[in-house]
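Working through the structure, step by step
The lines below spell out each chain.
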Amino acid sequence: MTAQLARPERGAPRTARTSPAGDVPPFPPSLVKAVFRDVTSLDVSRPAAWAASVVTRTVLAEIIDGAGGAAAEEARRRLTPRDLIAAIDRNVEVEVGSAWYLHSPTFHGLMGELYDAEGVLVPPRQRRGPRKPRAVAGAHRFEAGVRKLLRSRGATAVPAMVRDLDGIASVFMTDLARDAAMVVREGGVKRFGSVSLVTPGEPDPAPLLKDPLRAMSTRRGDRRTVGESDVLAAVTMQLFGDIRQRALSEVCGAARSTSAG
């Protein structure tokens, strides 16, 4: 069955930069490792678990800040699902964890109607599949961390908003774990090339010396353990633009703080 998904146009990414609160503990390594166990039998190093936790915190903080801006425009302090949609519409870079959207009432209006190959409307129950993916079923595990992060950003949220943030966090981290495991299995980042924009008649630009994807094309280490570099490689697959750079910077900053401590 093929599906056609009607979605509204996205706005341009926000230019304002907001940094996640570094003093807020990320999701605990035990939770991160539980998520990884859902998708791979590989061991997960503590630095890798910490990196996945920090990246997920960075993404959620961006979404919360964007939703907070939308709420502030209406003189509200409590975040609602409407603010979540506004945050994603304003900054396409934070559109992550998309598998959650089919399971959340918040996004039904955003996603539009879904039709099969014969043009027949697909009912929501059938649309969600015979059972919920593990990332969706396990979304509640993120609630404590989400509420802590909301407090650190000076925000409160209605239960439906907390539920959606839980789900997005769970699906995003699951996708991150799946890609990190793939990097281990394939020995590096294999499915990305490089793309350059050139003007007809002009010579090709010089290759980038510090292309992060090219730098991660070859992996070092054993094939039984997901390491921090594997998670960082997965970040380059899951994120793009400014938020990808912020996430990578946050991991490096957290690693330095841990070493100094």
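Residues numbered from 1 in each chain as written. Predicted model: local features only at pLDDT ≥ 70, side-chain atom pairs only at ≥ 80, totals over all residues. Heavy atoms only, no water.

What follows covers the overall build of the protein chain. Secondary structure summary: the protein chain contains 11 helices and 6 strands in total. Taking all contacts inside the protein chain whose residues are at least 6 apart in sequence as the whole, residues at least 24 apart take part in 76%. (Helix = DSSP H or I, 4+ residues; strand = E, 2+ residues; numbered from the N terminus. Contact = heavy atoms within 4.5 Å.)

The subject of this paragraph is the confidence of the model for the protein chain. Residues at a pLDDT of 70 or more form 67% of the protein chain, whose mean pLDDT is 79. Counted against residues more than four places away or in other chains, residues 1-19, with its pLDDT under 50, gives 48 contacts. (pLDDT = per-residue confidence, 0-100.)

Okay, the nonpolar core next. One broad rule of soluble globular proteins: the nonpolar side chains tend to lie buried together. Counting 63 residues, the largest nonpolar core has Phe-36, Leu-60, Leu-79, Leu-150, Val-231 and Leu-239 as its most contacted members. Mapped by element, the contributors of at least two residues to this core are helix 1 (29-39), helix 2 (46-72), helix 3 (81-90), helix 6 (134-137), helix 7 (143-152), helix 8 (159-186), helix 10 (228-238) and helix 11 (241-260). Ranked by the residues each element gives to this core, the list is headed by helix 8, at 13 residues. Setting aside chain neighbours within four positions, we find Leu-239 in contact with Val-55, Val-59, Val-96, Phe-172, Arg-244 and Ala-247. (Core = buried A, V, L, I, M, F, W, Y, C linked by side-chain atoms within 4.5 Å. Buried < 20%, exposed > 50% of the residue type's maximum accessible area, 1.4 Å probe, protein only.)

Looking now at helix 2. With 27 residues, helix 2 should cover 39 Å at 1.5 Å per step; its first-to-last C-alpha distance of 38 Å lies within 8% of that length. Buried residues dominate helix 2, accounting for 21 of its 27 residues. (Expected span 1.5 Å × (residues − 1).)

With that settled, the discussion passes to the packing of helix 2 against helix 10. Relative to each other, helix 2 and helix 10 sit at 30°, their axes nearing to 7 Å. Our classification of the angle between helix 2 and helix 10 gives roughly parallel. For the pair helix 2 and helix 10, contact is made by Pro-47, Ala-48, Ala-51, Ala-52 and Val-55 and by Glu-228, Val-231 and Val-235, respectively. (Axes fitted to C-alpha atoms, helices over the stretch in contact; angles between N-to-C directions. Parallel < 35°, antiparallel > 145°, perpendicular 65-115°, else oblique.)

This part takes up helix 10. Where burial is concerned, most of helix 10 is hidden: 8 out of the 11 residues are buried. Inspection of helix 10 places Asp-230, Val-231, Leu-232, Ala-233, Ala-234, Val-235, Thr-236 and Met-237 among the buried residues, and these make up the whole buried set.

This brings us to the packing of aromatic side chains. One pass over the structure, following the stated rule, counts 2 aromatic pairs. Aromatic side chains Phe-27 and Phe-142 sit 5.2 Å apart centroid to centroid with 65° between the ring planes, which places their arrangement in the edge-to-face category. Of this pair, Phe-27 sits in the loop between strand 1 (4-5) and helix 1 while Phe-142 sits in the loop between helix 6 and helix 7, and the two are 115 residues apart along the sequence. Accessibility assignment for this pair places Phe-27 and Phe-142 in one class, buried. Taking 4.2 Å as the distance between ring centres and 20° as the angle between the ring planes, the aromatic pair formed by Tyr-101 and Phe-107 counts as stacked. (Phe/Tyr/Trp six-rings, centres within 6.5 Å; stacked < 30°, edge-to-face > 60°.)

So, about the pattern of salt bridges. Tallying each qualifying case throughout the model produces 11 salt bridges. Among the ionic pairs, Arg-141 bridges to Asp-38, the shortest N-O distance being 3.2 Å. With a gap of 103 residues between them, Arg-141 in the loop between helix 6 and helix 7 and Asp-38 in helix 1 connect regions that are remote in the sequence. In this structure Arg-141 comes out as partly exposed when scored by relative accessible area, which is 27%. Its salt-bridge partner being Glu-250, residue Arg-57 comes within 3.4 Å of it at the nearest N-O pair. Of this pair, Arg-57 sits in helix 2 while Glu-250 sits in helix 11, and the two are 193 residues apart along the sequence. Taken as a pair, Arg-57 and Glu-250 share a single burial class, namely buried. Taken together, the salt bridges that share partners define one network made up of Glu-74, Arg-76, Arg-82 and Asp-83. (Salt bridge = Lys/Arg side-chain N within 4 Å of Asp/Glu carboxyl O.)

On to the environment of Pro-159. Looking at where Pro-159 falls in the secondary structure, it is placed in helix 8. For Pro-159 and Leu-79, which are 80 residues apart along the polypeptide, the C-alpha to C-alpha distance reads 9.5 Å.

It is at 8 Å that the axes of helix 2 and helix 3 come closest, and there the two elements cross at 110°. Taken together, the axes of helix 2 and helix 3 are roughly perpendicular relative to one another. The segment helix 2 lies against helix 3, with Ile-63, Gly-66, Ala-67, Gly-69, Ala-70 and Ala-71 engaging Asp-83, Leu-84, Ala-86, Ala-87 and Arg-90. Residues belonging to the contact of helix 2 with helix 3 are distributed by class as follows: 7 nonpolar, 2 polar and 2 charged. (Nonpolar A, V, L, I, M, F, W, Y, C, P; charged D, E, K, R; others polar.)

To continue, consider the environment of Gly-69. Here Gly-69 shows up in helix 2. Counting along the chain gives 17 residues from Gly-69 to Ala-86, while the straight-line C-alpha distance between them is 9.2 Å.

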